[in-house]
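What follows is each chain in one-letter form.
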Amino acid sequence: MYRNRTSKLKLPAIFRRLPFVLLLLFVVSWSGMARATTGAIAETTSIRLQLRWLHQFQFAGYYAAIKEGYYSESGLQVTLIEGGKGKDTIDEVLNGNADYGVTNAEMLLQRLNGKPLVAVAAIFQHSPLIFVARKSSGITVPQDLSGKIVKMSRTSRDIELQAMLHGEGVNFDKLILLEDVASYNDYFDPNIDVLAAYITNQPYYLKEKHIPYTIISPSSYGIDFYGDCLFTTENEAKTNPARVQAFREATVKGWHYALAHKEEIIDLILNTYQSKKSREHLRYEADEIEKLILADLVEIGHMNPGRWEHIAKTFHQYQLIPDNYSLDGFIFSAEQDKLPHWIYRALMILGAATILITLGCIGLFFFNRRLQSEIAIRKKTEMALHQSEKSLLNYSKQIEQFSISAASILSIRDEKALFAEMSKAIIELSDFSRVLILLFKDEPPFREFIGSAGISDEVLAKIRMTHLPQSWYDDIFELGIKLGQMSYYVPHNMKSILNQEAVFYGEGSIPDREDMWHPQDNLFVRMNNEKGELIGVISVDTSKSGARPTDETVRPLEVYAGLISQIIVLKREHIRRQQLEQKLRFSQKLEALGNLTGGIAHDFNNILGIIIGNAELALLDTTESHPTYHNLSEIRNACNRARDIVQHLLMFNRKSDKELRPIAVADLLKDSLRFLRTIIPPNIELINQIQTIDEHLLADPPQIYQALLNLFTNGVQAMEDTGGTLTIASRTELLREPLKCSTGEIPPGRYIRLSVSDTGHGIAPHLIEKIFDPYYTTREFGKGTGMGLSIVHGIIQSHNGAILVQSFVGQGTTFILYLPVIEKIVDEKQVTSPPMLPGGSENILLVDDDEALLEVGMLMLQKLGYSVITYIDPEQALEYFRQHTDHIQLLITDMTMPVMSGRELAEKALELKPDLPVFLCTGYSDKIDEREATRIGISRYFEKPLDPVIFSAAIRNVLSDRPHS
């Protein structure tokens, strides 16, 4: 029975011999193909290779392949053609002057625009093209290039730089462009701000001269193209594929040799190829090129079709190629056209015969295998079902643990500790051993790392030094493998889409199977705000189980990503509400301060009026030779200074429309410095460099005082911890050309140049353009509203002036104001006091609710010869006026009085006698100002305490032409 059962499984003899027949056919086919392949380069063939530039280490692999005989071993005699300025590599190859060439990703751009080019090998995995600028220029990001002099090529030679500028919104119209290849001297020309360069070459010039410089690399902004690539024509690739493959393999061997024997190749370049570079320069170039080739991570010459496709999409995004582009035939394949057509036909016939024979075999023993197959499938299904149930249970427990952990972590108040615990929880409860949590921001390095676990401090420090904007992650979310709702997996064979300078791969052995986790795999989880916009990323790697991530394994990570996103959104909303509340409190404080100042000013000015009035009366009765005359004069002068201080306080709190009038710059600055000395701390030295004397501005004094006070306060706050020097300077300056600044452009002419300089911490270049934004502040929460410089900007702009900022980090900041000068205009208030107060004999009605002021006023007017009728009660005064309308030639009234205000009294008196002169006097009022008083018919508006000279002159002016009743 045993024998009979097993005999059914035996195959006929012909079927048992079938593998040997197939093997024989395969050997015959292979030997024929081998003869076809080797025959294509059996004889030595001459090849001309056009280099992209002059002889240097950039082409070390080709020199090594010639020297070590790699080309000759492959039957190739290679001639190197030196490049240089004005020589286009692609044109040289297409015109037949060379068979192969070296260029950058521009060959794809040319291919997609119709030129028959084929990429053979990518030598540099990253493009060496960069912008370089002297550090003193303050240029750090692409946006800084606007308005700057930039030397680069607008041809496809610098295509990576052009793509970066497009992507960052920098319009070429905003650049002062010098279209040419930079020379050695250009890098030291102070008239050129930025130059296109190779990171492997030109920065050495500046380094050699010890000139600090900054680099703007396209790869930091999501433009990560291949660098130097070997290419040929489509005809060469189709006609001689074996020769192309042989040339490629020998070149790759040459590069491996060159990188392993740098000094030997440098000697070769200097002695054989007569390079003009120094040995140190070539060493610098060799080290930088090794970083771009990445031979320890990627096979030299490797090209990823997905990456070429991404580069093509970038060209298409900026409308550099047609919509119907295709990469078919662009990447050289060693297998193309390798076998003769008859072998393909023979293999097809053999395949068909094999299929028929196999089907017959299956028919013979299918029935015997059927039962065993069904049993195996059933067992396999049961095992898979059991494993699936076990995995689901495990994932469910894992999510439950994440939720419990999250709930306990949320009770932590300290934000740093909160995210540290979250990072630890992700490591403990997920399948990954390393995690990095980051948020995006607008300023370099564009990322804020808020949490990490399983990563060394050294690696974290290196990652933090790399500038990566949010746009760089778009490639990950576009090209990566999507898992779950917000997760993207980047396996090691797609790592070219990552910025290699910013990636530090995990550790571990390389797996045997493709479905296992590779040490160079990465997983990224998006963090979105309430609008679905990207605000951050959770990056994890190093799988504990060794398995690739799935939709199920990323779910716990997405739970935490959502939780962190909510925390960030709530935190930002909380900060926004705090800022709004702080603005409200600040506004309320200002309003309360204004009300308090106004109330104090009213009473204080009345007191000063009494003192000044009595002093003036005493002086009128005292000769200059009298011993008390000097004392009375000092009392009067002190009261006048007190009056000026009150006026300055009112200027900072007054809410009124802008009122322009001529003001003397010297007086303005003198008053401002007097106030500044009261607020400056002892550890700050004040330096006065004011040179203006007689110049005048047409300005609103309260606003100019406000602008200067804000600049003084800003300088003091910059040095409050460390101390320093605050310098106030002014001079007259004649602008012969228009001056551009943040407030616009001011025309040529004479200006007062005011500057406020501090020696504080300074402002970073990328922040200067934001300092005038409302509510922008670099001070910690609760120590500033961010409105000070915004108010200064608005005031200077409204006065047709300009404001400039000069700042260096660690050295200090200077704010420069330009305000237009006017010719001196003589003001009635500035007229030299006459030797005697003018008087008269008219009848004056004087009304004030302060008895002391009323008495002083009456005595002063009587001294001047006037007939004075006084009232404390404005209603009684009005009644008197009704009965004696023709008898009164002038009404002088206080503004703030009980029952009836001075304004109401004036309006009712003017109804009775429209041509009546009315003087309105006030210690302080926010109900009326000089403009409003004039509008309602009041002749003159005075602020107490009154100046007897000006006041008596004003009385005489309004009464001199009026007839006596």
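Looking up the protein chain in an unreviewed UniProt entry gives the name histidine kinase, with the organism given as Desulfopila aestuarii DSM 18488.

Enquirer: Please explain helix α25 (residues 874–883) as it appears in this structure.
Expert: Given 3.6 residues to a turn, an α-helix orients residues that are three or four positions apart in the same direction. Along α25, the positions that sit buried rather than exposed are Pro 874, Ala 877, Leu 878, Tyr 880 and Phe 881. In an axial view of α25, the angular spread of the buried residues amounts to 160°, which keeps them on one side of the axis. For α25, the secondary structure elements touched by its buried residues are β26 (843–847), β27 (867–871) and α26 (902–912). One side-chain oxygen of the residue at the start of α25 lies 2.9 Å from the amide nitrogen of Glu 875, identifying that residue as Asp 873.

Enquirer: Quick question: what am I supposed to make of the confidence of the model for the protein chain here?
Expert: The predicted structure's coordinates, where accompanied by low pLDDT, should not be read in detail. Taken over all residues, the pLDDT of the protein chain has a mean of 82, while the share at 70 or more is 81%. Every residue in residues 780–786 scores below 50 in pLDDT, and together they form 14 contacts with partners more than four places removed in sequence or on other chains.

Enquirer: Looking at this structure, I do not really get the packing of helix α10 (residues 241–260) against helix α11 (residues 262–271). What am I missing?
Expert: Helices that pack against each other are described as a pair by the angle of their axes relative to one another and the distance between those axes. For the pair α10 and α11, interaxial distance at closest approach is 5 Å and the crossing angle is 105°. In terms of orientation, α10 and α11 fall into the roughly perpendicular class. Only Lys 262, Glu 264 and Ile 265 of α11 make contact with α10, whose side of the interface consists of Tyr 257, Ala 258, Leu 259 and Ala 260. In terms of residue class, the contact of α10 with α11 is made up of 5 nonpolar, no polar and 2 charged.

Enquirer: Looking at this model, I keep getting lost on helix α20 (residues 665–676). Mind explaining?
Expert: The end-to-end C-alpha separation of α20 is 16 Å, in line with the 16 Å expected for 12 residues at 1.5 Å each. All buried positions along α20 are accounted for by Val 665, Leu 668, Leu 669, Asp 671, Ser 672, Leu 673 and Leu 676.

Enquirer: Explain the sheet that holds strand β15 (residues 522–528) here, please?
Expert: The pairing of strands in a sheet comes from backbone hydrogen bonds and takes either a parallel or an antiparallel form. Pairing in this open sheet of 6 strands is antiparallel, and the strands run β12-β11-β16-β15-β14-β13 from one edge to the other. Bordering the open sheet on either side are β12 (447–453) and β13 (481–483), each of which pairs with just one other strand. On average, adjacent strands in this sheet sit at an angle of 25° to one another, irrespective of strand direction. As judged from the 3 bridges shared by β13 and strand β14 (residues 487–490), these two strands associate in the antiparallel manner. Bridge pairing links Ile 481 to Tyr 489 in β14. Across the sheet, helix α15 (residues 415–429) is in contact with β11 (432–440), β12 and β16 (534–543); its angle to β11 comes to roughly 145°. Relative to β12, helix α16 (residues 457–465) is tilted by about 165°, and along the sheet it contacts β11 and β12.

About the criteria used
- Residues numbered from 1 in each chain as written.
- Predicted model: local features only at pLDDT ≥ 70, side-chain atom pairs only at ≥ 80, totals over all residues.
- Heavy atoms only, no water.
- Buried < 20%, exposed > 50% of the residue type's maximum accessible area, 1.4 Å probe, protein only.
- Helix = DSSP H or I, 4+ residues; strand = E, 2+ residues; numbered from the N terminus.
- Arc of directions from axis to C-beta.
- Contact = heavy atoms within 4.5 Å.
- Polar contact = N/O pair within 3.5 Å; in protein donor to acceptor, adjacent residues only side chain to side chain.
- pLDDT = per-residue confidence, 0-100.
- Axes fitted to C-alpha atoms, helices over the stretch in contact; angles between N-to-C directions.
- Parallel < 35°, antiparallel > 145°, perpendicular 65-115°, else oblique.
- Nonpolar A, V, L, I, M, F, W, Y, C, P; charged D, E, K, R; others polar.
- Expected span 1.5 Å × (residues − 1).
- Pairing = 2+ DSSP bridges.

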